[in-house]
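Here are the chains, one letter per residue:
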Amino acid sequence: MNAIAVKNSVTLETLYEINESSEEQIKAAFSNAREGFQQLKKTTVKERVEALKKVRDVIYENREKIVDKVILETGKSRTDALVSEAMGVLDYADWLIANAPKILADEKAHTPISLMGKKSKIYHEALGVVLIIAPWNYPFNIAMVSILTALAAGNAVVFKPSEITPLNGLIEEMMSASPLLTSSVNVVYGSGITAQRLIDQRPAKIFFTGSARTGKKILSQAANYLIPVELELGGKDQMVVFDDVNIDRTVAGCLWGAMTNAGQSCTSVERVYVQRGIYQAFVDKLKEECAKLVLNAGDDGGADIGGITADFQLDIIRKQVEDARAAGASIIAGGEMLSGELPFYLPTIIENATTDMAVMSEETFGPVITVSPFTTEQEVIDESNNTEFGLSASVWSKDLVRADRVARALEVGAVSINNVMLTEGNPALPFGGTKQSGFGRVKGVEGLRGMTQSKAILVDKQSDKLEANWYPYTRAKYKLFSQFIEALFGNKGLQKWIKFAVSGIKLESESQKPRG
Ligand code: NAD
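Residue numbers run consecutively from 1 along every chain, following the written order of its sequence. Only residues with pLDDT of at least 70 get local features here, since the model is predicted, and only at 80 or more are side-chain atom pairs given and counted; chain-wide, interface and lining totals rely on the full set of residues. To get the side-chain values, take all heavy atoms of the structure and skip hydrogens and water.

Undergrad: How should I be thinking about helix α10 (residues 247-259) in this particular structure?
TA: In an α-helix, one turn spans 3.6 residues; hence positions three or four apart end up facing the same way. Compared with the 18 Å implied by 1.5 Å per residue over 13 residues, the 18 Å span of α10 between its first and last C-alpha is a close match. Burial classes follow relative accessibility: with a 1.4 Å probe on protein chains only, a residue under 20% of its type's maximum area counts as buried, one over 50% as exposed, and anything between as partly exposed. A run of DSSP states H or I qualifies as a helix once it reaches four residues; a run of E qualifies as a strand once it reaches two. Both are numbered from the N-terminal end. Of all the positions in α10, only Ile247, Thr250, Val251, Gly253, Cys254, Leu255, Gly257, Ala258 and Met259 are classed as buried. The opening residue of α10, the one whose side-chain oxygen lies 3.1 Å from the backbone nitrogen of Asp248, is Asn246. Following α10 by one or two positions, Asn261 has its phi on the positive side, about 60°. Here the expected span of a helix is defined as 1.5 Å times the quantity of residues minus one. For this analysis, a polar contact is any N or O atom pair within 3.5 Å, provided that within protein one partner can donate a hydrogen and the other can accept it, and provided that sequence-adjacent residues contribute only side-chain to side-chain pairs.

Below you can see the structure in the form of structure tokens.
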């Protein structure tokens, strides 16, 4: 078994080691989860929600401990960790607790007149044992949001955290608040090798959050078993700024949206498009405010930007910026590491970048933005859609009609208008991408329903009647069916109902005749 060192992402000291999980451990995790699922099957949504409330309370009581652990493995600034990891999960848990019973309740469905006398219903049933694979950038938030959703819907879970930020034992500790959930959530540690072995155990569905590169591998492996997959992948989010905005506020939003979590957010702002009339004033203010940002980790809440969690990510950021510089882009702020040994990258602003540069076309996943001027609405729509990604975006303008028009034209899964990264701040909104940013949704009604399969139910109370479309097929019945179709689909208003009633009665009486 290969040992994987989990490092303090700031000092780079080894905190502890995890091992790639063995075949036996993987089989045991699935076997436990399948038993857990049998227990969950006997529960109502209300009972599961009661169990979730206990987990929510444990998260609330332990929020500072959670923040400490997350900071150690990610190098986030303390405020980033508190707001996005602890508060984000609590907010989502409360939404889930309040809404799951309604969203998962049996539904009545419309029954058409041609099926007179029947009733239709939809049940939203659990899938079974679902596999959740998570990345390192929000190790607690992404884990808990997916796991809580799966449990609310009645699924048991096998969860594989990133090998870079496994938060050893933390998820298990939160789940121990409820015996029902303890047996239903199985955390399996390891890298992509372990994840591939987990997929071979044929989970009912895979929920993956991570890079497009890994997403493609998962989809291809899952295809062998026809396992459904939801993919939450990377982004290259655009911020579109029209010339009627409050510049100070929009610059503040831009800097936060680009630099929060040191830019290691799938939805962080990476490309900023500013209308020419305010372009220079916007860039000047951006540069001025960017210089004031405070970099630190292990802070007491007073630092703005933390470290870069993964060393390979730091290499990607440095290479993209250096390549852009070499190709003629202007680095007007940052563009290098903070001096010293620590993995901090200075908040960076780039002008004159072009779409052939990686910094404009590939995900950067660091505290780096490009800023470009535009003239017309159509020009900015075309330019900002010119990417293979489509996760989220923001549009800034006092003209809300124009902002809405642009929001509709952007090829993304979410748009914040006059704010940034805020769609994911509302647990009631679905979260997910288009194009290479993936498919499927987490959160909101869609996210919860994505953890279920619908079962269609039709109840026929007239159990002593034969159906018109059952055997025997006869020439007489064929003619009556033709009249029935004509009555139903070829007429409108009162005529339709009169003809429908007449042909329906004839067809009905013909259908009750036994085979002669
Ligand atoms: P990654 O794709 O390298 O790894 C994600 C997870 O996949 C890890 O747990 C890893 O062990 C596992 N994995 C690796 N190889 C695998 C394989 N062959 N089969 C199955 N699993 C495998 O991503 P990362 O570097 O951890 O995370 C950063 C990426 O995640 C960025 O692209 C970011 O945009 C994206 N992300 C997306 C969202 C979203 O909701 N859309 C949210 C957060 C992060």
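Undergrad: Would you mind showing me how to read the pattern of salt bridges here?
TA: Opposite charge on two side chains makes pairing possible when the charged atoms of those side chains draw close. The term salt bridge refers to a pairing of a side-chain nitrogen on Lys or Arg with a carboxyl oxygen on Asp or Glu at a separation within 4 Å. Per the stated rule, a full pass over the model turns up 26 salt bridges. In this structure, Glu125 engages Lys455 in a salt bridge whose closest nitrogen and oxygen atoms are separated by 2.9 Å. Of this pair, Glu125 sits in strand β4 (residues 118-126) while Lys455 sits in strand β20 (residues 452-460), and the two are 330 residues apart along the sequence. Note on Glu125: relative accessible area 26%, which makes it partly exposed. A relative accessible area of 38% means that Lys455 is categorised as partly exposed. Between Glu289 and Lys292 there is a salt bridge, with the nearest N and O atoms lying 2.9 Å from each other.

Undergrad: Is there a simple way to explain the sheet that holds strand β7 (residues 185-187) in this structure?
TA: Sheets are built from strands that pair by backbone hydrogen bonding, the pairs being arranged parallel or antiparallel. In this analysis, strands are considered paired if DSSP registers two or more bridges between them. If you walk across this open sheet you meet the 6 strands as β7-β6-β5-β8-β9-β19, and the pairing is mixed. Of all strands in the sheet, those bounded by a partner on one side alone are β7 and β19 (438-439). Where strand β5 (residues 129-133) and strand β6 (residues 156-160) come together, 5 bridges link them in parallel fashion. Counterpart to Leu131 in the pairing with β6 is Val158.

Undergrad: Is there a simple way to explain the sheet that holds strand β16 (residues 392-396) in this structure?
TA: What the 7 strands build is an open sheet, ordered β12-β13-β14-β11-β10-β16-β17; its pairing is mixed. The sheet is open, and its two edges are formed by β12 (330-333) and β17 (414-417), each paired on a single side. Strand after strand, the sheet turns through a mean of 25° between neighbouring axes, direction not considered. Inspection of the sheet shows β12 paired to strand β13 (residues 348-351) by 3 bridges, in the antiparallel sense. Directly across from Ser330, in β13, lies its bridge partner Glu351. Each of β11 (269-275), β16 and β17 touches helix α15 (residues 400-409); the most contacted strand, β17, lies at about 165° to it. The convention used is that axes are lines fitted to C-alpha atoms, helices contributing only their stretch in contact, and that angles between N-to-C directions extend from 0 to 180 degrees. Any two residues whose heavy atoms approach within 4.5 Å are treated as being in contact.

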